[in-house]
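Spelled out, the chains give:
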Amino acid sequence: MESLEARILKDGYVLGENILKVDSFLTHQVDLHLMKEIGDVFAKKFRDAGITKVVTIEASGIAPALYTADALGVPMIFAKKSKNITMNEGILTAEVFSFTKQVTNTVSIASKYLSEKDKVLIVDDFLANGQAAKGLVEIVEQAGAKVEAVGIVIEKSFQEGRGLLEEAGIPVFSLARLERFENGKVVFKEADL
Ligand code: 5GP
C-alpha cells in the first residue's frame, strides 16, 4: 500500500535492532484518514470471503480493525489483555508473549461474541514473531469459528511470524512488508496488498 509505505518513510523511525516506531500515526496518535484507507483496502480484499467478525488485540490493533470492520459491515472484537471482574463467565483465553514488552499476558475474549458460525478476519498493527496473531487464532478456534486470514498493517518479514502462521495453514496479507533496516532506514519488500 503505497501511501502507507510513504508514511512509514516520512514519520517512522527505527529503534535499536528491530523495532519500528510509528507512534505519530498508528500506535499512539492515530491518523484516521490513513486508518480509513487501510480499512478499505482490507475490506476490498475480503469483500467476498463471507467474513462475519474482525478480531484484534488491544490496544494498537483496534484502530485498523475498527475501520476494516466498518468497511465490511461486521462487528469488531478486541481481545483484552487483563482479566476484568465484569468478565466472569464464558471466557476464551490464550497466552501471548509480547515482543515489545517482553512479558506474557493472558488475553481473552468473551465466548458469547464468537460461535462456530463465524468466519473471522484477524487484523493487527504489526507482525513480528507471530505470538499475538497465534494467540488470537487459538481463541477463535476455541470458539469453533474459522480464521479466514490474518491482515497485518506492518509486517517485519525478517522475523518469524509469517512462517509460523502459514505453517498453520493461515494466509497472511500485509499492507507493508519490511525486509530489513539499513543504517536506521527501512528497506521494503513487495507487499501483498
Ligand atoms: P508478535 O506477537 O508478532 O511478535 O508481535 C506483534 C505485536 O508486537 C504487535 O501487536 C505490536 O503491538 C508489537 N510489535 C511488534 N513489533 C513491533 C514494532 O517494531 N513496533 C511496534 N510499534 N510494535 C511492534
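Here, residues in each chain are numbered from 1, in the same order as that chain's written sequence. Only residues with pLDDT of at least 70 are given local features in this predicted model, and only at 80 or more are side-chain atom pairs given and counted; all residues enter the totals for whole chains, interfaces and linings. With hydrogens and water stripped out, all remaining heavy atoms of the structure feed into the side-chain values.

*Asks:* Before we move on, can you summarise the nonpolar core with the specific residues and values?
*Replies:* L4, I8, L20, I38, F46 and I154 are the most contacted members of the largest nonpolar core, which totals 34 residues. Counting residues per element, this core draws most heavily on helix α2 (residues 32-46), which supplies six residues. Every residue pair with non-hydrogen atoms within 4.5 Å of one another is taken to be in contact. Contact partners of F46, with chain neighbours within four places excluded, come to I51, L72, L121, A149 and F173. By convention a nonpolar core is built from buried Ala, Val, Leu, Ile, Met, Phe, Trp, Tyr and Cys residues, the set being connected through side-chain atoms within 4.5 Å. Burial classes follow relative accessibility: with a 1.4 Å probe on protein chains only, a residue under 20% of its type's maximum area counts as buried, one over 50% as exposed, and anything between as partly exposed. Formed by 26 residues, the second largest nonpolar core is a distinct cluster that contains A133, A143, A145 and V172. Strands here are runs of E lasting at least two residues and helices are runs of H or I lasting at least four, both read from the DSSP assignment and numbered beginning at the N terminus.

*Asks:* An account of the UniProt feature "binding site: xanthine" (unreviewed entry) in the protein is requested, with residue identities and associated values reported.
*Replies:* UniProt positions are given in the numbering used here, feature names are shortened, and annotations may be inferred rather than shown by experiment. Taken from the UniProt record, the annotation "binding site: xanthine" (unreviewed entry) applies to L20, T27 and K156. Mapped onto the secondary structure, T27 falls in the loop between β2 (19-21) and α2. Leave out the neighbours within four places in its chain, and T27 touches V22, S60, D125 and F126. If you trace the backbone, K156 turns up in strand β8 (residues 146-156). Ignoring sequence-local partners within four residues, the contact set of K156 consists of N18, I19, F99, F126, L127, A128 and L178. A polar contact of 2.8 Å, which involves the side chain of K156, links it to the backbone oxygen of N18. Polar contact criterion, stated in full: a pair of N or O atoms within 3.5 Å, where within protein one must be able to donate a hydrogen and the other to accept it, and residues adjacent in sequence count only if both atoms are side-chain atoms.

*Asks:* Describe in detail the pattern of salt bridges, supporting the description with residues and values.
*Replies:* Pairing between side chains becomes possible if they bear opposite charge and their charged atoms approach one another. Counted as salt bridges are all cases of a side-chain nitrogen of Lys or Arg within 4 Å of a carboxyl oxygen of Asp or Glu. The tally for this structure, following the rule as stated, stands at 15 salt bridges. In this structure, the salt-bridge partner of K134 is E138, at a minimum N-O distance of 3.7 Å. Of this pair, K134 and E138 both sit in helix α4 (residues 131-142), four residues apart, roughly one helical turn. For E138, a relative accessible area of 32% translates into the label partly exposed. Salt bridges sharing common partners tie together E155, R162, E166, R177 and D192.

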